Every structure is written in structure tokens, then in C-alpha cells.
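# Structure assessment
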2 protein chains.
Amino acid sequence: VPPPTGERAERRPASAVDEDVLTARLRARLGSAPDGELWSGDDAAVLRPPAGSLLVTTDMLVEGVDFESAWASPADVGWKSIAVNASDIAAMGGAPRHAVTAVGLGTSTPGALVDGLADGMIEAATTYAVALVGGDLSRAPRLTVAVAMTGEVDAGGAVPRSGARPGDALCVTGSLGGAAGGLVALRRHGAGPDLGPPLARLAQRQLRPRARVAEGRALRSAGASAMIDLSDGLAVDLARLVAASGVGCEVDVAALPLDDDLQALGSGPEADPIRLAVVGGEDFELLCALAPELLGDACARVEECGTALTQIGEVTRGGARLGGVDLDEWRERGWDHLRAP
Amino acid sequence: VPPPTGERAERRPASAVDEDVLTARLRARLGSAPDGELWSGDDAAVLRPPAGSLLVTTDMLVEGVDFESAWASPADVGWKSIAVNASDIAAMGGAPRHAVTAVGLGTSTPGALVDGLADGMIEAATTYAVALVGGDLSRAPRLTVAVAMTGEVDAGGAVPRSGARPGDALCVTGSLGGAAGGLVALRRHGAGPDLGPPLARLAQRQLRPRARVAEGRALRSAGASAMIDLSDGLAVDLARLVAASGVGCEVDVAALPLDDDLQALGSGPEADPIRLAVVGGEDFELLCALAPELLGDACARVEECGTALTQIGEVTRGGARLGGVDLDEWRERGWDHLRAP
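Residues numbered from 1 in each chain as written. Chains lettered and ligands numbered in written order. Predicted model: local features only at pLDDT ≥ 70, side-chain atom pairs only at ≥ 80, totals over all residues. Heavy atoms only, no water.

### Regarding the relation of the copies chain A and chain B
When chain A is brought onto chain B, the operation consists of a screw motion whose angular component is 180 degrees and whose axial shift is 0.0 Å, with 0.0 Å RMSD remaining. Taken together, the rotation and translation describe the operation of a two-fold axis. (Least-squares fit on C-alpha atoms with pLDDT ≥ 70 in both.)

Written out as C-alpha cells, the structure is:
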């Protein structure tokens, strides 16, 4: 069955387009498998195994929960679905390899949405060197995109959450608060051309998060003892890291690398840069612990990726505090509160 | 944070239960990772790579589309989410290895639902020797379960859809129509105790599909040239196999191994056993092509798994027909029509 083309096809709802036709249309846009591999078009993808350890992760994005169609374009959603999984692989110090996608589409989904979704996925997959090797299309009440990604890391070389030791430096890549600030900007102004450059940059941090893949590999090489990506906010993810490691922490609020563009949000309790940085979530920066004597080398390696590495505190024997306040207390002001409609 | 226990916890909506608490509760029920592996609880699972080829597949189940909560228990949904993915691995002739699950829960989801879902997933994972190694919990308007599964097959040994050659015998494992017949029975009578044994068995075929993992490996060893699992109905999946192989087929309707229990459905156009077998879908039997001289050995190997293998027709040079009717015509009476609410 040849894929439908032209205007008529674009206006047809996805449900009226045969699953095989849509799949074929998407498949034609993906790369081809190397010899000995078999990608989309069979019951499962057939892949060469990695030489080191195999990494596997999954994340699902649901319309109205993880994104709003009012401001996130289909391409934004496609990008984010790949980037958030690549971020999980990055947080282990690994390199992404392959992704499979399960997409649920409403019955009135236009074909253009499917193409936009594919645009964003392909753009992110190209950026992070991930091959899109298969998927599943079905119906859902709201657009739902579940991606599972494989990655690779030298055997024994994955950086877990659980390796932090008292005395380690706690560091983050890049800057914090931008993604949550972007959400504030989008809620206030929408995604239109009214956003000036600083707010538009914040919106991009929300809509097009970057996975710190090169930085994660650099931090693994530099000897990071523990690592996690900041998906649910520093307070929540730092609590996870110290709990998994059985340690405590003391973070200096003044040391947090706040996103410069947050100034443009002006005042209002929802625009407080520290709150956005600590409980906002979705920055997808890496938080790591590493022995203090490794810090200089680690900073240099991360800078080679074009990204800053900032020490924000240190690992202690017990008591998890940020600015002298218990992380549990910060957590209660966390992601869910900010995200609630 | 200790997991909540007792009645109070059970009545709390899942959204009121911290994601980490739920995750910890589920994790406590899973097996532990062998030395050198890291399962749930980090950003990604860390696994030993397979010796042969790596298989990866994904399938998503959505409430109201792929199952109805009126008759499918949470454990049924959990079982099916694993079984349908294991079936994809089986259709390559592979062995399932690991699964990651992305689950979207409504805000009013009781904790008991999450436990039931885990019950079914763990039961299926045990049956098919799959390790549940990680996942992602989020909110969704309807219960949504996306599973991605890895598998393993000897390098170069995966059985694709595309290898069928003119003259090959076309065979199916087990019996056909039972799962769609079960849907008819459930729609007529619900899932209650009113279902007599034959209808209850049909309902089980719908609610608890079996993945033909051992049979798939036996057929690979026996030299099957092409294979696919029957998820969308014989007409649809056979059309996929012959299209991928660039061949045709002639299937004898009288040779179809109809599920014996379909007799118990009585009359009515929706209860016609042949229609259920050809366009019903979700039987998750395997359809394969193999050279006629291999047929005897293949039957013997599949019988060792406790399952019949039945020749239903043969591969031709062109023209895809079933009972003298073009597959396209059968497809138009297919799965979507039957499944439409």
C-alpha cells in the first residue's frame, strides 16, 4: 500500500489512515539498518549487542500532564520524548544507542501531527546519535508518547545514584530553573511571538530540553561516584541520590547556578529564581558527586563539552539540607505543586 | 520513606502516594539483579549484553482501547502488557530477557490497582522468564501501560517476516478465533460467574493471552523462513508477512484450526467462527512459513511444547488469497471494525 500523499491525506484523521501506512510513512524517514541488523517493520528490532553493559530506560509523555498542546508543538513533543530518555542514559555515564516508541493517537489526530512528532523525534535522535528502530501505533484519548531507549557503557563503568561518599563535592552541569521558568512564561504569555528573547529562551528550555550526554560521559571518565539527572527538581532528585547512597548533604543556595534569563520573569511568587531552581524540575542537568581532588579535572572535561560544572555543596554523613532547610521540606513545595493545573 | 501499608494506604489515590513510595513498593516485589547488573531504582537499568543479537520491541495498552476495565482486572492488564511483548520476541524466534514499563495512572487510581497490575506483570514475567528491570510512573487520563522488552537470539538467527519463499508451507500454532470469541462473550455476559466453562475459556484467551515463546524458538530451530505473531488477525498479519516477503499465498479456510470453544457462542453474525479466526485478532499464535520438507520435524518440535502446528496453506508467487478471497477484502472486515466500541 503506497503511503497517502498530498492535501487529502493530511486532512485525514490518523485513525482513518491504516496503521501500516502510517508506519511505512514514518519508516521511510528513518535511517536504514546496518548489515546484520533489522529495524522497524518486523515484530522486534534485531540489533548488535553492545560490547560493554547494556543500558535500558523508559519514559512516557502524556498530553495535559507532561506537555500542553497549547504551546508544545508536535515536534517539541517528539524532541522531548527522545531527549528525556537520552538524559537517563546520560545520567549513567552512557551513550544512547537505540530507541523504540509507542505512540497513542486520538481518533481525530491529523496526519500532520504525526509528521511533526516524527520531525522532533528524528531531530533529537540525530542530535544524540540514537537510532529509531521500531514502534507501535495505537489509539489513546490524549496524545501519549512512550519511548524506551537502550544505551551502552563500558562494563562496570555505569555511574549509579548510590556511590556518593561523605566529603564528595556535589556538582551540577549548566544552569538551573530555566525549564520551570519557561513553564511560567508559557502560562503567562503562551508560545506566540510576544515572548522576548529571554522568555523565549526559557520556553525553549521547557519545550526542547537538552540531554547532557557528552557531559555525562565526561563526568564518568573524570571519576564521578554518583550521578542523577534533574528531571523532578534539585530537591527531589538530590534526595534520591543521597538516599540511594546512604549519606547526607549540605547545599549552599548562593552557589546554585541560576539561569540568567529568570530575571526576565520579574516578580511574583511563582517567578522566584531559587524556588524554580530547587523545586521546578525538568532542567535535565546532571547532578553528580565526586571526590574533591577530581573536581578540577572534571570541570575541565565538562567545559570541553561547552558546559559549566558548578560545585553547589558537599556530601555529608547524614542530614540532607539545602540552604539549611531539610530536603523533605523543599520536596513538599515540589514539582507536583508547580505542575498541578 | 517506608511504603504505606494497610487499609488507609489502599484507599489513597495513587497520585496522593509519592511516586518514589509506589516505585519502592513495586521494586520490593521484583527479583534482585545478579552481580554486575543494576535494575530498578536508578536512571537506567544496567544489564549484561546478550551473547547473540539483541531484540527490542514495545507495545502500549490503553484503557478503553486495548482493554475494558469492566471485565479486565488490573492483573489481567498487567499480564497482557508483558505477554504481548513476549509474543513479539517469540515471533523472531527469540527468548525474552528484560522489560521496562511506563505506566500512566489516573489521579483517582487506588493503590490496590497498582498492586494488581504488578501481580499480573510479575506472573507473566515469571512465566516467560523476563526480568522486570525498571519503569516510569506518571499520570494519564486513562490507565496506560507501555512495556518495552529486550530479547536474545543467536546472531543471524532471528526469523524475519520477509523470508517466505514460494512453495513454503504456511502454518499456525494452536487455535484461532478464541481471543475474539472471548471478546464477544465478555460483551454479551460480562466477566462474572455466568460464563460457563467454554465461554470462560474464551474470555481467558482474550484477557490472558499466551505468548508462544517456546514454540517460536522451536520453529526457528526447525528452519522457519518467515514468522509473525497474530496480533491483528490472520488476514492482517498474513498480508504483512507476504508483503514483506514479496510473495503471495493461498490459504484453505477448511484447514484453519478453529478454537473448539467457539461453538459455545451459538449463532449471530459476530459469532461466526471463521470470521473470528480470520479477522478477530489477539490470538497471539505464531504464523510461519517453512519449506515443505521441514514440516514434519517442525510439527514434532512444536508438539514437544504441548502445542499443535497446523498447515493452513502455502506460499505462492503472487496474489494473496484466503478461501479464494483476496486478503485485502478480508482486511476490510478486520480488527478495527470488530474492536470499534
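Now, onward.
### Description of the interface of chain A and chain B
At the interface, 56 residues of chain A touch 56 residues of chain B. For the pair chain A and chain B, the summed buried area comes to about 4,300 Å², and 57% of that belongs to carbon and sulfur atoms. Of all residues in chain A, A:Asp43, A:Leu54 and A:Met60 bury the most surface against chain B, accounting for 16% of the area lost on that side. Seen at the junction of chain A and chain B, the total is 4 salt bridges. The salt bridge involving A:Asp43 is made with B:Arg161; its shortest N-O contact spans 3.4 Å. (Contact = heavy atoms within 4.5 Å. Buried area = accessible area lost by both parts, 1.4 Å probe. Salt bridge = Lys/Arg side-chain N within 4 Å of Asp/Glu carboxyl O.)

### Notes on the packing of helix H7 (residues 213–221) of chain A against helix H10 (residues 295–303) of chain A
Residues and elements named next belong to chain A. Orientation of H7 relative to H10, taken along the N-to-C sense of each, is 155 degrees, at an axis distance of 9 Å. With respect to H10, the element H7 is oriented roughly antiparallel. The chirality of how H7 crosses H10 is right-handed. Judged by residue contacts, Glu215, Ala218, Leu219 and Ser221 of H7 engage Ala298, Arg301 and Val302 from H10. (Axes fitted to C-alpha atoms, helices over the stretch in contact; angles between N-to-C directions. Helix = DSSP H or I, 4+ residues; strand = E, 2+ residues; numbered from the N terminus. Parallel < 35°, antiparallel > 145°, perpendicular 65-115°, else oblique. Left-handed = near helix turned anticlockwise from the far one by under 90°.)

### Observations concerning helix H5 (residues 178–189) of chain B
All names here are of chain B. Between its first and last C-alpha, H5 extends 16 Å over 12 residues, near the 16 Å set by a 1.5 Å rise per residue. For H5, the tally of buried residues reaches 9 of 12 residues, placing the bulk of the element in the interior. For H5, the set of buried residues is Gly178, Ala179, Ala180, Gly181, Gly182, Leu183, Val184, Ala185 and Leu186. (Expected span 1.5 Å × (residues − 1). Buried < 20%, exposed > 50% of the residue type's maximum accessible area, 1.4 Å probe, protein only.)

### Some words on the sheet that holds strand S12 (residues 325–326) of chain B
Residue and element names in this part refer to chain B. The 7 strands lie next to each other as S7-S9-S6-S10-S8-S11-S12, forming an open sheet whose pairing is mixed. Across the chains shown, the open sheet's two edge strands, defined by having one partner strand only, are strand S7 (226–229) and S12. Packed on one face of the sheet, helix H7 (residues 213–221) meets strand S6 (169–173), S7, strand S9 (286–290) and strand S10 (309–316) and runs near 5 degrees to S9. Of the strands in this sheet, S6, S9 and S10 touch helix H10 (residues 295–304), which is tilted by about 145 degrees from S10. (Pairing = 2+ DSSP bridges.)

### Observations concerning unusual backbone geometry
Non-glycine residue A:Ala129 carries a positive phi angle of around 55 degrees. The class of A:Ala129 is exposed, set by a relative accessible area of 57%.

### Here we look at the pairing of S9(B)
All names here are of chain B. Among the 5 residues in S9, 5 count as buried, and that is most of the element. The alternating pattern of S9 places Leu286, Cys288 and Leu290 on one face and Leu287 and Ala289 on the opposite face, and all of these are buried. By the bridge criterion, 4 bridges tie S6 to S9 in an arrangement that is antiparallel. By the bridge assignment for S9, leucine 170 is matched with alanine 289. Note: S7 against S9, 4 bridges, orientation antiparallel. Bridge pairing in S9 links isoleucine 228 to leucine 287.

### Points about the pattern of salt bridges
Inspection of the entire model under this criterion finds 40 salt bridges over all chains. For the salt bridge of B:Lys80 with B:Glu282, the shortest nitrogen-to-oxygen distance reads 3.1 Å. Of this pair, B:Lys80 sits in helix H3 (residues 74–90) while B:Glu282 is found in the loop between helix H9 (273–279) and S9, placing the two residues 202 residues apart along the sequence. Summarising the burial analysis for this pair, B:Lys80 and B:Glu282 share the class buried. Notably, a salt bridge pairs B:Arg97 with B:Glu152, separated by 3.2 Å at the nearest N-O pair. Within this pair, whereas B:Arg97 is found in strand S3 (residues 95–105), its partner B:Glu152 is found in strand S5 (residues 144–153), the two being separated by 55 residues in sequence. Under the relative-accessibility criterion, B:Glu152 is labelled partly exposed at 25%. Linked by salt bridges that have partners in common, A:Arg205, A:Arg212, A:Glu215, A:Asp259, A:Asp283 and A:Glu285 make up one network.

### Structural notes on the sheet that holds strand S12 (residues 325–326) of chain A
Residues and elements named next belong to chain A. A sheet is described by the order of its strands in space; here 7 strands give the open sequence S7-S9-S6-S10-S8-S11-S12, paired in mixed fashion. A single partner strand is all that each edge strand has here, and the edge strands are strand S7 (226–229) and S12. With 3 bridges joining them, strand S8 (residues 248–251) and strand S11 (residues 320–322) adopt parallel strand pairing. Looking at S11, one finds that cysteine 249 is bridged to alanine 320. Across the sheet, H7 is in contact with strand S6 (169–173), S7, strand S9 (286–290) and strand S10 (309–316); its angle to S9 comes to roughly 5 degrees. Sheet strands touched by H10: S6, S9 and S10. Its angle to S10, the strand with the most contacts, is close to 145 degrees.

### A closer look at a negative patch on the surface
Residue and element names in this part refer to chain A. Negative charge collects at one region of the surface, where Asp326, Asp328, Glu329 and Glu332 lie side by side. It is helix H11 (residues 327–332) that provides the largest number of residues to the negative patch, a total of 3 residues. Of note, aspartate 328 is situated in helix H11. (Patch = residues over 30% accessible without salt bridge, like charges linked within 9 Å, V, L, I, M, F, W, Y side chains within 5 Å. Areas by Shrake-Rupley, 256 points an atom, 1.4 Å probe, with all protein chains shown as cover. Lys, Arg positive; Asp, Glu negative; His and termini not counted. Charge placed at Lys NZ, Arg CZ, Asp CG, Glu CD.)

Function cannot be read off these values alone, since they describe shape.
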